[in-house]
Amino acid sequence: MGRGRVQLKRIENKINRQVTFSKRRAGLLKKANEISVLCDAEVALIIFSTKGKLFQFSSDSCMERIIERYERYSYAERQQLVANAQGPNANWTLEHAKLKARVEVLQRNQRHFMGEDLQGLSMRELQNLEQQLDSALKQIRSRKNQIMYENISLLQKKEKALNEQNNSLAKKIKGKEKATTEQTHQLELQDNYTVAPQTSENLNIRGMPQDRSDNEEDNDNEEGIQTNASANILLPNWMIPPTNE
């Protein structure tokens with residue numbers, strides 16, 4: 001005998017209603033997981049119990065992505081329907097509602113990333129949030145290390161350029177010092193060459209009477225006597241002084 005068809009209505013017994021809720025909830029979550037795996041579909045399931053407790057399932061690591069996608073598609077469809085029914089003025093109303101909903105989602109995500117309003121999150125949501133924060137920290141550290149390596153490489157290039165410039169300036173200074181030294185040496189040699197000939201000439205002029213030989217002196221004396229004699233002979237008589245005998 002087969003199972004009869006169950007009439008769908010609210011279960012009045014509180015205990016039976018809670019048991020049925022737990023069983024059907026577990027089956028629904030199982031079916032959502034199966035369809036997401038078998039059909040490669042994006043599935044988001046949200047369940048609130050009569051006491052306000054949240055139960056959810058998301059095939060994606062972030063439930064908000066699926067919700068934003070749903071809002072984007074649903075608002076687009078409603079926008080098209082209202083635009084066809086009411087005219088172009090309704091587009092601004094739907095666009096405002098769409099943007100307002102997106103802003104609220106982003107603000108809620110921002111509070112979660114800042115560690116605020118975490119009381120309503122389940123264990124799975126907290127794990128997803130932790131994974132997102134870890135991934136963000138890895139990206140931040142990777143970018144920071146990349147910037148540090150780039151700065152170190154830039155500083156090394158600057159250091160190399162400064163060393164090359166320093167070496168070039170040192171070579172120029174050495175060349176100028178060498179040229180100055182050679183010029184000073186040449187000036188000193190020129191001064192020595194100009195002073196030395198004058199001194200030797202003076203010494204030679206002053207030393208000539210001393211270096212003359214006795215023969216040369218005798219010749220000079222004889223030439224002087226002959227000159228005087230010839231001079232006496234050539235003098236006229238009126239120029240000869242009288243002699244006292």
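Remember, predicted model here, so these are calculated numbers, not experimental data.

Participant: How should the overall build of the protein be read in this particular structure?
Facilitator: Secondary structure assignment for the protein yields five helices and two strands. Counting helices and strands in the order they occur from the N terminus, the protein gives α-β-β-α-α-α-α. Expressed as a percentage of its 245 residues, the buried residues of the protein come to 12%. Sequence separation of 24 or more characterises 31% of the internal contacts of the protein that already satisfy a separation of 6 or more. Of the roughly 21,600 Å² of accessible surface on the protein, 54% is carried by carbon and sulfur atoms.

Participant: Help me understand the pattern of salt bridges in this model?
Facilitator: When the charged atoms of two side chains lie near each other, side chains of opposite charge can form a pair. Under the criterion given, the structure shown has three salt bridges. Across the salt bridge formed by Arg10 and Glu12, the nearest N and O atoms sit 3.4 Å from each other. Taking relative accessible area as the criterion, Arg10 reaches 54% and is therefore assigned exposed. The exposed category is assigned to Glu12, whose relative accessible area is 61%. Between Lys31 and Glu34 there is a salt bridge whose closest N-O contact spans 4.0 Å. In this pair, Lys31 and Glu34 both sit in helix α1 (residues 14-38), three residues apart, roughly one turn of the helix.

Participant: What is the right way to read empty space enclosed by the protein from this model?
Facilitator: If you roll a probe as big as a water molecule over the atoms, it shows you where there is empty space left. One pass over the structure, following the stated rule, counts one cavity of 30 Å³ or more. Volume-wise, the largest cavity comes out at about 150 Å³. For the largest cavity, the lining is made up of 13 residues, of which Glu64, His112, Glu125, Leu129 and Gln132 are closest to its centre. It is helix α4 (residues 123-211) that provides the largest number of residues to the lining of the largest cavity, a total of four residues. Across the lining of the largest cavity, the residue classes tally to five nonpolar, six polar and two charged.

Participant: Is there a simple way to explain unusual backbone geometry in this structure?
Facilitator: Generally, phi is negative for residues other than glycine and the peptide bonds are trans, each holding for most cases. A positive phi angle, close to 55 degrees, is found at Asp40, a residue other than glycine. Considering the arrangement of structural elements, one finds Asp40 in the loop between α1 and β1 (44-48). A residue is classified by how much of its surface remains accessible, and Asp40, at 71% relative accessible area, is exposed.

Participant: How should I be thinking about the side chain of Glu125 in this particular structure?
Facilitator: Turning to its location among the elements, Glu125 is positioned in helix α4. Buried Glu125, no salt bridge; nearest opposite-charge side chain is Arg108, N-O distance 7.9 Å.

Participant: I tried to follow the pairing of β1 on my own but got confused; where do I start?
Facilitator: Two faces, one strand: in a regular strand the side chains alternate between the faces of the sheet. Only one face of β1 is buried, namely the one carrying Leu45 and Ile47, since none of Ala44, Ile46 and Phe48 on the opposite face is buried. Between β1 and strand β2 (residues 54-58), which pair antiparallel in sequence order, lie five residues; one of them, Gly52, sits at a positive phi of approximately 90 degrees.

Participant: So what exactly am I meant to see when it comes to the side chain of Asn109 here?
Facilitator: Locating Asn109 in the fold gives a position in helix α3 (residues 89-113). Setting aside its immediate chain neighbours within four residues, Asn109 contacts Glu64 and Glu68.

Participant: Help me understand the packing of aromatic side chains, please; the structure alone is not making it clear to me.
Facilitator: A ring pair, where both rings are aromatic, is described by two values, the distance of the centres and the angle of the planes. Here the structure, examined in full by the defined rule, presents one aromatic pair. Sitting above the plane of the Phe55 ring, Arg25 keeps its charged end 4.2 Å from the centroid.

Participant: How should the confidence of the model for the protein be read in this particular structure?
Facilitator: Predicted coordinates in regions of low pLDDT should not be interpreted in detail. Taken residue by residue, the protein gives an average pLDDT of 76. The fraction at 70 or more is 69%. At the low end of the mean pLDDT range in the protein sits helix α5 (residues 214-234), at 49; at the high end sits α1, at 90. Here residues 198-212 is modelled with pLDDT under 50, and outside its nearest four sequence neighbours on either side it reaches one contact, counting other chains as well. Contacts of residues 225-234 to residues separated by more than four positions or lying in other chains number zero contacts, the stretch itself having pLDDT below 50.

The rules behind each value
- Residues numbered from 1 in each chain as written.
- Predicted model: local features only at pLDDT ≥ 70, side-chain atom pairs only at ≥ 80, totals over all residues.
- Heavy atoms only, no water.
- Helix = DSSP H or I, 4+ residues; strand = E, 2+ residues; numbered from the N terminus.
- Buried < 20%, exposed > 50% of the residue type's maximum accessible area, 1.4 Å probe, protein only.
- Contact = heavy atoms within 4.5 Å.
- Areas by Shrake-Rupley, 256 points an atom, 1.4 Å probe, with all protein chains shown as cover.
- Salt bridge = Lys/Arg side-chain N within 4 Å of Asp/Glu carboxyl O.
- 1 Å grid on protein atoms, 1.4 Å probe; cavity = no way out; pocket = protein on both sides within 12 Å on 5 of 7 lines; lining within 4 Å.
- Points joined across faces, edges and corners; volume = space filled by probe spheres on them.
- Nonpolar A, V, L, I, M, F, W, Y, C, P; charged D, E, K, R; others polar.
- Lys, Arg positive; Asp, Glu negative; His and termini not counted.
- Pairing = 2+ DSSP bridges.
- Phe/Tyr/Trp six-rings, centres within 6.5 Å; stacked < 30°, edge-to-face > 60°.
- Lys NZ or Arg CZ within 6 Å of the ring centre and 35° of its normal.
- pLDDT = per-residue confidence, 0-100.

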